[in-house]
Structure formats: structure tokens, C-alpha cells
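For reference, the chains in residue letters:
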Amino acid sequence: MKQLTISEKLCTSCGACVSACPFGALRMESVAVVDCNLCTLCGACVDACPVSAITRPESAAAVPVTDVIWRDVWVFAEVEDGHIHPVVLELLGEGRRLADQLGERLVAVLPGHETQRLVAPLVVGGADHVLVVDRPELACFQDEPYTAVLTELIRRHHPAIVLCGATTVGRSLIPRVAILANAGLTADCTALAIDPKTRRLLQTRPAFGGNIYATIECPVSRPQMATVRPKVMKPLAADPARKGEVRLDQVADALLAARAVRIGYTAEVSNTANIAEADIIVAGGRGLLKAENFRLLEDLARELGAAVGASRAAVDAGWMPYSHQIGQTGKTVCPRLYIACGISGQIQHLAGMSSSDVIVAINKDATAPIFKTATYGIVGDVVALLPKLTEAFRAAKQRA
Ligand SMILES: Cc1cc2nc3c(=O)[nH]c(=O)nc-3n(C[C@H](O)[C@H](O)[C@H](O)COP(=O)(O)OP(=O)(O)OC[C@H]3O[C@@H](n4cnc5c(N)ncnc54)[C@H](O)[C@@H]3O)c2cc1C
């Protein structure tokens, strides 16, 4: 087992390492002693020790940024049920911006089998380059071979940035890759940017229960890895004239072994409206006052062909099922039109809907924070306004 080495000769029992350890893994006896069950080899104690008495095992140390040239922005091209997952195109849109800022290439990494028809959407979606590993063993996602292949490609090509969707597949795959690559990983980012001075990736995500947004940098290890939930970033407009290169890499058979046996694929079945895919969403919050008033929202939704969403307050009150919750701990949505009814606009709700194209807010409090994000605002009693709005849309449709 890899563990810290503490030099009895050098240790002065000053205790700096004990206070520096974020995991409570060190205690002071005659010299510092490490509890290997708690130690993550993060290295905080190594940096804190004033007499260099602590060393990490060789392979636990992050790869120094300066040892090799890390360049290009990579997007993991997840395939779902034979198609490129929509989040990949969203990440290519964001990755394009980052790569242009760095003056580097945007690379889509596509492990799979019979991948030829999947390359074009990646190039049209923004990739300069598609890096393919095509093997029958990679026909469907499996943790072990995908982890081994992606890690091997990272070791071979040294990308500066690796982006992946925070999907079921991404959440399973990318932490494993980050561990094997000794890289940092920021999950569920809501914004990505490049620091123009350091050229580092600035990864912003909610922290401390969503009460603040933290921007995280990775100064000492590469690649810089981040996941982003579906619908947070915008895809580029597809450009069929865009040209890209394809490179086929070979990998050793040993990397393709899997201990798990795949027995099949079953798509998630839901009886409720899929708010994540809806073009129009009408969402209700505590301002609807009671469960029965969600019928008013459903009437409006029917008229608009919309899905019904809810704030966490409405879900916690039992007025709507959790599958309709929008926000940090619910779904992230990006409809063309979002109508927020009796929702105050707390940061955790905004995290799930603020990238909607047009936001209309109805709230009786003119100072409600939702009005800062809204494109249009209506100050008034939502319970009284909803039937009138439904009627107005119905009449307009009949006239049209
Ligand atoms: C870790 C964490 C995760 C969270 N995740 C989520 C999440 O995923 N999604 C989410 O939504 N929240 C989430 N929350 C909760 C979030 O902080 C807010 O508490 C929640 O969004 C508030 O819901 P609301 O706007 O419906 O209720 P309130 O904040 O109570 O707002 C109700 C609004 O309705 C207005 N109103 C009242 N009566 C009327 C009326 N008759 N007509 C018009 N307007 C009226 C009020 O002026 C007020 O602005 C999370 C919180 C934490 C700590």
C-alpha cells in the first residue's frame, strides 16, 4: 500500500502537519504518525512541514505541469443508445470557446465500435480533431475498459483540459480516470473560463450547499478535468461546412478487459413530462400557495404545449413530485421559454434554469430576486393571473 514516509530524524514534532491535514489523518506522538485509513495522499502535510520530514510515494505526486507540454481541450464523446449524447455537443460548444482562447485544438475523444457515422456530428459540432479508438470491446460503455483507454490516451497525448458530461456514464467514468491520471476533477461546473494570465482553466461550481459559487483552479497537475451537467452549456449552431481530422489510435488488448459482464441496456422509462427536454416550461413555487393551484399551472401548460416544473419549496410541500424539481438538486433545464410563477429566484433554483432563452417571472413582490434574471416581469397575484393568461393564450390561438 502506498503511504507517506515520515522521517523520525527530521521531524521536530511541531504539529504543523496535524493542523494542515484536511482529513484528520495525522496525530503527534514522539513524531508525526499517519493513519493510512484516513490519509488520501493529498500532500497538504508535505507542503506544511517546515523541515521537509514528510514525503509522498513517487506515483502519488501530481505530474508537474512543466514536465511535458499539456495542450488541447478534450471532450469525451459519450454515446447513448447509438447516438452522440446531446451533452457532448454542449461541451463542444463551450470547449470551442476555451480552445480558441488558448489558441489550441478542440479534440473529441471517441472510444467505441463502428464509430465512422459518429465522427461527422462531432466535427459539425465544433471539434477540430476526433481521436478514435475503435474496438468491439468498446461497443457499449463499461467502466473498466473505458477508464483504461481514456487514461492511456491522456498519458499518450497530454491534453491540458478534459471535459465530460455529468451524466450517469460521465459520473462513473471520469472520477476513475482522474484518480489514475493523478489529476484534479471539478464536478458539476456551471461556468468555465480561461485565466488569460496563467492560461489555467477556471472552473466554477456551487459550493457549501449551493450558498456560494466557488471558482477552482488546478495549478499543479494536468489535465484539468471538469464535468458539466446536461443543458448547462449551449451547443454551437451546427456547421456542415466545418472540416476536422480523424486519428485512429490503437490500444493494447490488456486495457480492454472487464470484470463486469454487460447483460443489456434499458432506457429510463418515465411517465411524467420530461422537463429536461421541454421547449416551454411553466414552473410553480411556494407563491402558488397550495397543491390545488398547480391545476392552474397545468391548464396554462396544456394551452402552451409546455411541461410543468416546480421549485424545491413546492416539491418539499408535496405539491409536485420530485421529478419536476428544477434547480441545483433537481433538473437543469434550458427551454426557449421559462415562466416562473410564485418563485422567489434563490440561487439554487437559478442554477437549474438561468440559461433558458426567455424567462418570464410572475411574483407579487416587485423586489423578488427572480426579476434580476427575468427577461420580462409581471408583478401581481399569480393565482389570479394564471387563469387570465391561459384564457388570453387560448383566445390568441383561436384567432391565429
Ligand atoms: C443545498 C440546497 C439545494 C437546493 N436545491 C434547490 C433546487 O434544486 N431547486 C429549488 O427550487 N430550490 C432549491 N433549494 C431551495 C432554495 O434555496 C429555495 O428555498 C427555494 O428555491 C424557494 O422556493 P420558492 O421560490 O418556491 O419559495 P420562496 O422562496 O418562499 O418564494 C415564494 C415566492 O412567491 C411569491 N409569492 C407569494 N405569494 C404569491 C402570489 N400570490 N402571487 C405571486 N407571487 C407570490 C413571494 O413573493 C416569493 O418571492 C435548495 C436549497 C439548498 C440549501
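Residues numbered from 1 in each chain as written. Predicted model: local features only at pLDDT ≥ 70, side-chain atom pairs only at ≥ 80, totals over all residues.

**A closer look at the overall build of the protein chain**
Within the protein chain one finds 11 helices and 21 strands. Along the first, second and third principal axes, the C-alpha set of the protein chain runs to 85 × 55 × 45 Å. In the protein chain, which comprises 400 residues, the share counted as buried stands at 39%. Restricting to contacts in the protein chain with at least 6 residues of sequence separation, those with at least 24 account for 64%. (Helix = DSSP H or I, 4+ residues; strand = E, 2+ residues; numbered from the N terminus. Buried ≥ 20, exposed ≤ 12 C-beta atoms within 10 Å, placed from the backbone. Contact = placed C-beta atoms within 7 Å.)

**Digging into the sheet that holds strand S13 (residues 201-207)**
Read from one edge of the open sheet, three strands run S12-S13-S14, paired in antiparallel fashion. Here the strands that pair on one side only, and so sit at the sheet edges, are strand S12 (191-194) and strand S14 (212-216). Recorded for the sheet is a direction-independent mean angle of 25 degrees between the axes of neighbouring strands. (Pairing = 2+ DSSP bridges. Axes fitted to C-alpha atoms, helices over the stretch in contact; angles between N-to-C directions.)

**Re the packing of helix H5 (residues 143-157) against helix H6 (residues 168-180)**
Close contact between H5 and H6 brings their axes to 9 Å; oriented N to C, the two are set at 45 degrees. Viewed along their axes, H5 and H6 adopt a mutual orientation that is oblique. You can see that H5 and H6 cross each other, and the crossing is right-handed. Here Asp143, Tyr146, Thr147, Leu150 and Thr151 of H5 lie close against H6, whose contacting residues are Ser172, Leu173, Arg176, Val177 and Leu180. Here the contact of H5 with H6 is composed, by residue class, of five nonpolar, three polar and two charged. (Parallel < 35°, antiparallel > 145°, perpendicular 65-115°, else oblique. Left-handed = near helix turned anticlockwise from the far one by under 90°. Nonpolar A, V, L, I, M, F, W, Y, C, P; charged D, E, K, R; others polar.)

**A short note on unusual backbone geometry**
Between Arg222 and Pro223 the backbone carries a cis peptide bond, its omega angle lying at 0 degrees. Position of Pro223 relative to the elements: it lies in the loop between S14 and strand S15 (224-228). Positive phi is not limited to glycine here, since Glu114 has a value of about 50 degrees. You can call Glu114 exposed: it has 10 C-beta atoms within 10 Å. With phi around 55 degrees, Asn182 is a residue other than glycine that occupies positive phi space. Structurally, Asn182 can be placed in the loop between H6 and strand S11 (185-189). The class of Asn182 is partly exposed, set by 14 C-beta atoms lying within 10 Å.

**Concerning the domain arrangement of the protein chain**
When cut into domains, the protein chain gives domain 1 (5-60), domain 2 (73-256) and domain 3 (275-399). With centres defined by C-alpha atoms, the gap from domain 1 to domain 2 works out at 35 Å. (Domains from an automatic or database assignment.)

**A word on the nonpolar core**
Counting 55 residues, the largest nonpolar core has Val75, Ala77, Leu92, Ala108, Val109, Leu122 and Leu163 as the members making the most contacts within it. Take this core: its biggest share by element is seven residues, from helix H3 (residues 86-102). The contacts of Ala108, once residues within four sequence positions are left out, are Val75, Ala77, Leu92, Leu122, Ala127 and Val130. In terms of nonpolar packing, the next biggest core, distinct from the first, is built from 40 residues, Ala283, Ala307, Cys334 and Ile362 among them. (Core = buried A, V, L, I, M, F, W, Y, C linked by C-beta atoms within 7 Å.)

**Topic: the environment of His324**
In this structure, His324 sits in the loop between helix H8 (312-316) and strand S19 (337-341). Along the chain, His324 and Ser52 lie 272 residues apart, while their C-alpha atoms are 54 Å from each other.

**Regarding the site of the ligand**
Around the ligand, the structure places 30 residues, and the nearest of them are Gly285, Gly287, Arg312, Gly327 and Ser344. Looking at the shell around the ligand, the elements that each hand over two or more residues are H8, helix H9 (347-353), strand S20 (358-363) and helix H11 (382-399). Its residues assigned to classes, the shell around the ligand shows eight nonpolar, 17 polar and five charged. (Near = placed C-beta within 6 Å.)

**Some thoughts on the sheet that holds S20**
One open sheet holds the five strands; their spatial order is S18-S17-S19-S20-S21, and the pairing between them is parallel. The sheet is open, and its two edges are formed by strand S18 (307-310) and strand S21 (376-379), each paired on a single side. Taken pair by pair, the neighbouring strands of this sheet meet at an average axis angle of 20 degrees, ignoring direction. Here strand S17 (residues 280-284) pairs with S18 via four bridges, running parallel.

**Comments concerning the packing of helix H7 (residues 294-304) against H11**
Two elements in contact, H7 and H11, have axes whose closest approach is 9 Å; the angle formed by their N-to-C orientations is 20 degrees. In terms of orientation, H7 and H11 fall into the roughly parallel class. Relative to H11, H7 is oriented so that their crossing is left-handed. Seen from H7, the contacting residues are Leu296, Leu297, Asp299, Leu300, Glu303 and Leu304; seen from H11, they are Val383, Leu386, Pro387, Leu389, Thr390, Phe393 and Arg394.

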